[in-house]
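# What the coordinates show
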Amino acid sequence: TKYGCGIGGCGACTVMISRYDPISKKILHHPANSCLLPICSLYGSAVTTVEGVGSTKTKLHPIQKRLANCHGSQCGFCTPGMVMSMYSLLRNHPEPTMEQITAALDGNLCRCTGYRPIIDSYRPFSAECCPMKGTGGCCLDKEGSISCSHEGDRVLNLYLFPSQRVAKQMQKKTLVFHGPRTTWISPASLWELLELKANYPNAPLVVGNTSMVLEMKMEGVYHPLILYPARIPELNAVCYTENGIVIGAACHLAQLREILITVVSEQPEEKTKVYRTLLKQLKTLAGEQIRSLASLGGHIVSRGSTWDLNPVLAVGKSILNLESTGGTLQIPLNDQFLTRMQNADLRPNEVIVSILIPFSQKDDFVSAFRQADRRKNALSVVNSGMRVLFKPNTDIIADMSIFYGGIGPTTVSARKSCQKLIGRHWNEQMLDDACRLIVGEIVLSPSAVGGKVEYRRTLLVSFLFRFYLEVLQELKKMKTQSKIERFSIKQDVDPGQPPQDPVGRPIMHQSGIKHTTGEATYCDDMNPVDGELSMAVVTSTRAHAKIISIDVSEALKVPGVVDVVTARDIPGENGTEDERVYADHEVIYVGHIICGVVAETYEQAKKATEKVKIRYEDLEPILTIKDAIKHNSYFGEEKKVEKGNVEEAFKTANQIIEGEIHVGGQLHFYLETDSVFVIPRKEDQEMDVYVGTQYATAVQNTVALALNVPSSRIMCHTRRVGGAFGGKTTKPPFFAAAAAVAANKTGRPVRFILHRQDDMFIPGGRHPLLGKYKIGFMNDGRIIAADLEFYTNAGCTPDESVLVIEYVVLKSDNAYDIPNFRSRGRACKTNLPSNTAFRGFGFPQSGLTAETWIAAVASKTHLPHDKVREMNMYKGASATPYKQDFDASSLTRCWKECLEKSEYYSRKTASEEFNKQNYWKKKGIAIIPMKFSVGFYVTYYHQAAALVHIYLDGSVLVAHGGIELGQGINTKMLQIASHELKLPLSYLHLSETSTVTVPNAVVTAGSIGADVNGKAVQNACQILRKRLEPIIKENPQGKWEDWIQAAHQQSISLSATGFFKVYVTNMDWMKEEGNPFPYYVFGVACSEVEIDCLTGDHKNIRTDIVMDACFSINPAVDIGQIEGGFIQGLGLYTMEEIKFSPEGEQYTLGPDTYKIPAVCDVPEQLRIYLLPNTRNPMAIYSSKGMGEAGVFMGSTVFFAIRDAVAAVRKERGLSENFTLDSPLTIERIRMACADDFTAMIPKDKPGTYKPWAIDIE
Ligand SMILES: Cc1cc2nc3c(=O)[nH]c(=O)nc-3n(C[C@H](O)[C@H](O)[C@H](O)COP(=O)(O)OP(=O)(O)OC[C@H]3O[C@@H](n4cnc5c(N)ncnc54)[C@H](O)[C@@H]3O)c2cc1C
Ligand code: FES
Ligand code: FES
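Residues numbered from 1 in each chain as written. Chains lettered and ligands numbered in written order. Predicted model: local features only at pLDDT ≥ 70, side-chain atom pairs only at ≥ 80, totals over all residues. Heavy atoms only, no water.

## Digging into the nonpolar core
The biggest cluster of nonpolar side chains holds 195 residues, and the ones touching the most others in it are Tyr122, Ile775 and Trp853. In terms of residue count, helix H32 (residues 1009-1034) provides more of this core than any other element does, 10 residues in total. Here Tyr122 is in contact with Ile63, Leu67, Met82, Val83, Met86, Ile101 and Leu105, once residues within four sequence places are set aside. (Core = buried A, V, L, I, M, F, W, Y, C linked by side-chain atoms within 4.5 Å. Buried < 20%, exposed > 50% of the residue type's maximum accessible area, 1.4 Å probe, protein only. Helix = DSSP H or I, 4+ residues; strand = E, 2+ residues; numbered from the N terminus. Contact = heavy atoms within 4.5 Å.)

Below you can see the structure in the form of structure tokens.
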């Protein structure tokens, strides 16, 4: 079981809870986020973790086997949670539907796989899916893999549950738990609860803890006494009355769903309109884990402004049944209750026992709406419940109520507007008046927390219009069903290749099984060691300031605190001139590490960080690109490449357009946060550093310099990393040095695991970019001149920002051959987190700029976008603006193949037809080509080493300098070793990457980890094989073990180092030319989407990607990289938005505020094709590096949305020459589809108010 966020947002910590249910007299199972579970609530329950489902030592569960076999794990950090969500589902529904399977995964995030293989691996558990059902086999099982078996032992009874007799007994007893600060009481009867409430009115009732936990964890709220009413029968009872159903307040939301499903199926439709509306909201409310924990009573009482059920319960005129020692009382769940008016609220000694949700009436119309940043598992931006009652057999409004959430701190009612509409006919005039009334009544300040002010105002009327239409047309709800397609991974290998040779075959990830059983260990899974301390850091609260003083005296008094470490404790070098381990005199961003507190536990250390007092003297910060340009604040010089004569070409162009695009940054959000564990050795100042990094050599050097010891004393070890994506390159060395200094000072081991919140704002992410363009083109669409200018927001230290802007410039042509081309770029120095490497390294931003100016030319010339792209693409023998020659014929092949596979033209026609028929929904489709370069322009970055040992029993240990980040490098290395040594994989083992076995390894990055390390492994294996050749010749029929014994007896070394310098590259910036990249990867993708013009929501319908992977060493791994990259790109371009306050403080600090794609975002059809019959003579076995190229393919979704928006704008007579910034969020989509509703929204003049957030790009 893993820990990914601590706030219920990622699902990594999912476990299954089993309890005895006194009402059904059964043991019930449900998934739960263990990070939210109070330990006392588990008394009498069984908790099953992934370790209890199956293991390599006992027996694997079919879920685990399938997930590993279907390549459903990459870094593996999310995998235990994925297994547990599925396992809990199967416990309750042995033959689930596909909809249930995808819903079960709603609450689980994966940053690596793109979800498709996870869904595919679970598909056979659904009776709907497998055409081989009943045969005992499964359509997805491949040769040599384990059958999933639809029948039989899919669910193992491994957990131990207290016998039902014990469980029943426990129901009757009051349970009291005393902790050092808090007492927890779980009363067994309602009366006992009421007495406790009378005596301790301030004690909260905790049921699911999903709301309370946030108060306690994030806001530090402390309760000396907590009451747990979940075992009280009255609070769990469900009964039917003639007015409606009465549901116990402790019923959790998943139970509520089951109850409502039953009632809806049993009662006449007219009575269940409110219930059906609640069911609609429950589908998208949080993930299954939260739905299984959160109670109806807790939901109602906590009353978050964006809670989705309250507006529906309110319009449904629900009644709260309260009890206290003084008696019973009914209060309505209405606007006064929701806005917490004293006379309409519970008194402190009262509890909600149950809730009456009345039946609806014949002339009632009820509906609800919610729009969130992500379709599922995301709090609403705005939600609403609406109800209208007509006078019998008329369209005259007899009663009406509308509630909105997400506008202000509580759910609000449009009571006055509704009152004024009573007596009106349901027609357009009424709608128009209703909109104006509501916009006047429901006011949102321009500085409102959460921003998106105009968008939120627009949703008020968009939802109302939707309701108007629904009522008018009595629209049936759309059935949302996951249609994510199955998919197969194939690559033809040479028919002569021996079956044991794994190269070119889809071999399972080396750690796949261990990922699924939880046996794969990450840094924080290491067992505690003697004397170990935990570290938490104090970070700057100012964007730019001098440090006047640091007072740690109060922090040192916190029990358990051992020491506080600052820059003064560093015996050697404090990082570099540009980037410090601990800030010394100045802080340069909010998040700058100032000191580290080490204590016996993390909680003690964290608590003490709040006691450290820092005095600052504020300095002027620079936060935005605009500010940086104004203040001439840059890192490095301007970088430029130019070819042809741009100015002359502009003179001959038929037309010229100019524009700019703002591309937002992106946070890495690897599931395993930055992690270090340093253990000082007793002798010679040696230290072991266990670290999650892509660059162990840099960690070793930075630690050695900080401690002022030779590098030979620092041993870095990395077994695997729970996702990195570039983000664990330059920052872990500083984290490791911070921990090492603390270990050095205290002489004790120090564990430094960044909490998710810290990990979101301390290390930085992808560079936000401003791209300006001036394009000269002919009326037939040919572009003859491009003048581009780029600025990135690099943040506060240079990090790799100069290199990133160089790549932005070098890659800014994407796939287009523009005869006169100039591209320039600068990295802006600001007081924001220092941005760093991120998968694609600048290309995703500059590529998007290229496609934006291509789209602008197409719009201006009124030509199809695909035609303009095709006509300007590189073809055949080509040269880049920096004069690197390359052959673009694979690009053309990818383009043709993608057009064909995606059925682009027929679907384009179909989408245009759909758009003619639909005014409020539009489809869009886009096909985009890509030229992606791998590697570095510095030759020495293309070296690698490996060390291969053969032991006397014939087993082989392979070590190399690359690091397993989830990208499957270790699997590929073993395949290479197996091929070269002509030895089955079962003989080979790969343990960890360490600076002890392979020194001075370069960073694992740039998509070439497998290229360079593969060559080194190949070299070492070939050396060994050569040494063995005479022995094999002497005894050709002998076994491997015989040969090894013989070699040993002949004193032949069975250990070899492999070394390789793979590619020679260069770039001369003075001459603006060079051969900076070893080779290019070509790809083309086509995506189709559907947008909702009223809310800005979009649905990903289908994506086809054709990638020129040449001969893939492992097609499963490479396709996994393409899919994972694509989904990460989809996140970058359409959802992931980083928000900063006007003071430079980052708001987006966890999965609650920063939305990465979830399972609901995977296109219903996602198909990846590897271009057949291509070769890359430069790389090992003619392969290509696939690690990063997929990201840019996500831009096809961006341009498909753009296509849909263009259709809207064309229909409405709006300008078709428009630019959309990235990410293309719900807000941007909605506001681009301007209409009467957006026009009626009040607009605030910039400069007249302080915005909640600023634009930094
Ligand atoms: C990750 C995450 C995602 C979420 N996503 C969504 C979402 O998409 N949509 C949405 O609507 N909500 C969402 N929520 C919020 C969720 O709906 C609420 O947190 C939940 O309903 C609260 O129920 P609980 O049982 O956990 O309450 P608790 O946290 O246990 O208690 C909350 C409050 O209710 C009081 N209380 C509980 N029961 C009673 C009672 N019977 N009588 C009197 N007082 C009582 C407690 O004293 C406490 O003050 C999300 C929450 C999380 C953590
Ligand atoms: S760690 Fe529990 S949900 Fe993220
Ligand atoms: S495999 Fe899912 S987060 Fe890495």
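Further notes follow.
## Some words on the site of ligand 1
The environment of ligand 1 is formed by 32 residues, the closest being Leu205, Val207, Thr210, Ser295 and Asp308. Note that an oxygen atom of ligand 1 is positioned 2.6 Å from one of the side-chain N or O atoms of Thr210. In this structure, Arg370 approaches ligand 1 through a side-chain N or O atom, which is 3.2 Å from an oxygen atom. Contact with the protein chains covers 93% of the free accessible surface of ligand 1, which is 980 Å². Counting residues per element, the ones that place at least two in the shell around ligand 1 are helix H12 (296-302) and strand S11 (351-358). When residues in the shell around ligand 1 are grouped by element, the largest group, 5 residues, is from H12. When the residues that make up the shell around ligand 1 are grouped by side-chain class, the tally is 19 nonpolar, 11 polar and 2 charged. (Near = heavy atom within 4 Å. Polar contact = N/O pair within 3.5 Å; in protein donor to acceptor, adjacent residues only side chain to side chain. Areas by Shrake-Rupley, 256 points an atom, 1.4 Å probe, with all protein chains shown as cover. Nonpolar A, V, L, I, M, F, W, Y, C, P; charged D, E, K, R; others polar.)

## Digging into the UniProt feature "binding site: [2Fe-2S] cluster 2" (unreviewed entry) in the protein chain
Per the UniProt annotation, the sites labelled "binding site: [2Fe-2S] cluster 2" (unreviewed entry) are Cys75, Cys78, Cys110 and Cys112. These annotated residues cover 38 residues of sequence, and their C-alpha atoms lie no more than 9.4 Å from one another, placing them together at a single site. With respect to the element layout, Cys75 can be found in the loop between helix H1 (62-69) and helix H2 (79-92). When sequence neighbours within four positions are dropped, the list of residues in contact with Cys75 reads Cys112, His515, Tyr522, Val721, Gly722, Gly723, Leu965 and Gly966. Among the structural elements, Cys110 can be located in the loop between helix H3 (98-104) and helix H4 (116-122). (UniProt positions renumbered as here; feature names shortened; annotations may be inferred.)

## Re the packing of helix H27 (residues 843-861) against helix H36 (residues 1195-1211)
For the pair H27 and H36, the least separation of the axes is 11 Å and the interaxial angle reads 25°. Between H27 and H36, the angle falls in the class roughly parallel. For H27 against H36, the interelement crossing comes out right-handed. For the pair H27 and H36, contact is made by Leu848, Glu851, Thr852, Ala855 and Ser859 and by Ser1195, Phe1198, Phe1199 and Arg1202, respectively. The residue inventory of the contact of H27 with H36, partitioned by class, reads 4 nonpolar, 3 polar and 2 charged. (Axes fitted to C-alpha atoms, helices over the stretch in contact; angles between N-to-C directions. Parallel < 35°, antiparallel > 145°, perpendicular 65-115°, else oblique. Left-handed = near helix turned anticlockwise from the far one by under 90°.)

## Notes on the UniProt feature "active site" (unreviewed entry) in the protein chain
As recorded in UniProt, the feature "active site" (unreviewed entry) lies at Glu1188. By the secondary structure assignment, Glu1188 is in the loop between strand S43 (1165-1170) and helix H35 (1190-1193). For Glu1188, a relative accessible area of 12% gives the class buried. Ignoring sequence-local partners within four residues, the contact set of Glu1188 consists of Arg839, Gly840, Phe841, Phe932, Gly1006 and Ser1007. Within the structure, the side chain of Glu1188 is placed 2.9 Å from the backbone nitrogen of Gly840, a separation counted as a polar contact.

## Some points on unusual backbone geometry
With an omega of 0°, the peptide bond between Ser1222 and Pro1223 qualifies as cis. Structurally, Pro1223 can be placed in the loop between H36 and helix H37 (1226-1232). Even without a glycine there, the phi angle at Lys25 is positive, about 55°. With respect to the helices, strands and loops of the structure, Lys25 is situated in the loop between strand S1 (14-21) and strand S2 (26-33). Looking at Lys25, the relative accessible area reads 54%, which means it is exposed. The phi dihedral of Ser1051 is positive, around 55°, even though this residue is not glycine. In this fold, Ser1051 is placed in the loop between helix H33 (1040-1049) and strand S38 (1055-1061).

## Some details on the packing of helix H9 (residues 253-266) against helix H10 (residues 273-284)
Packing of H9 against H10 leaves a shortest axis separation of 10 Å and a crossing angle of 140°. Considered as vectors, H9 and H10 are oriented oblique to each other. H9 and H10 meet at a crossing whose hand is left-handed. Between H9, through Leu253, Leu256, Arg257, Leu260, Ile261, Val263 and Val264, and H10, the contact on the second element is made entirely by Tyr275, Arg276, Leu278, Leu279 and Leu282. The class makeup of the residues in the contact of H9 with H10 is 10 nonpolar, no polar and 2 charged.

## A word on the packing of aromatic side chains
Here the structure, examined in full by the defined rule, presents 35 aromatic pairs. Between Tyr1063 and Tyr1079, the ring centres sit 6.0 Å apart and the planes meet at 75°, which makes this aromatic pair edge-to-face. Residue Tyr1063 is located in the loop between S38 and strand S39 (1066-1068), and its partner Tyr1079 is located in the loop between strand S40 (1073-1075) and strand S41 (1080-1092); the two are separated by 16 residues in the primary sequence. When the centroid spacing of 6.4 Å and the interplanar angle of 70° are considered together, the rings of Tyr1133 and Phe1198 count as edge-to-face. In this pair, Tyr1133 is assigned in helix H34 (residues 1115-1134) and Phe1198 in helix H36, connecting sequence segments 65 residues apart. Overall, the relative accessible area of 1% leaves Phe1198 in the buried class. Over the aromatic face of Phe365 sits the side chain of Lys273, whose NZ or CZ is 5.2 Å from the ring centroid. The ring of Phe932 carries the charged tip of Lys811 above its face, separated from the ring centre by 4.4 Å. (Phe/Tyr/Trp six-rings, centres within 6.5 Å; stacked < 30°, edge-to-face > 60°. Lys NZ or Arg CZ within 6 Å of the ring centre and 35° of its normal.)

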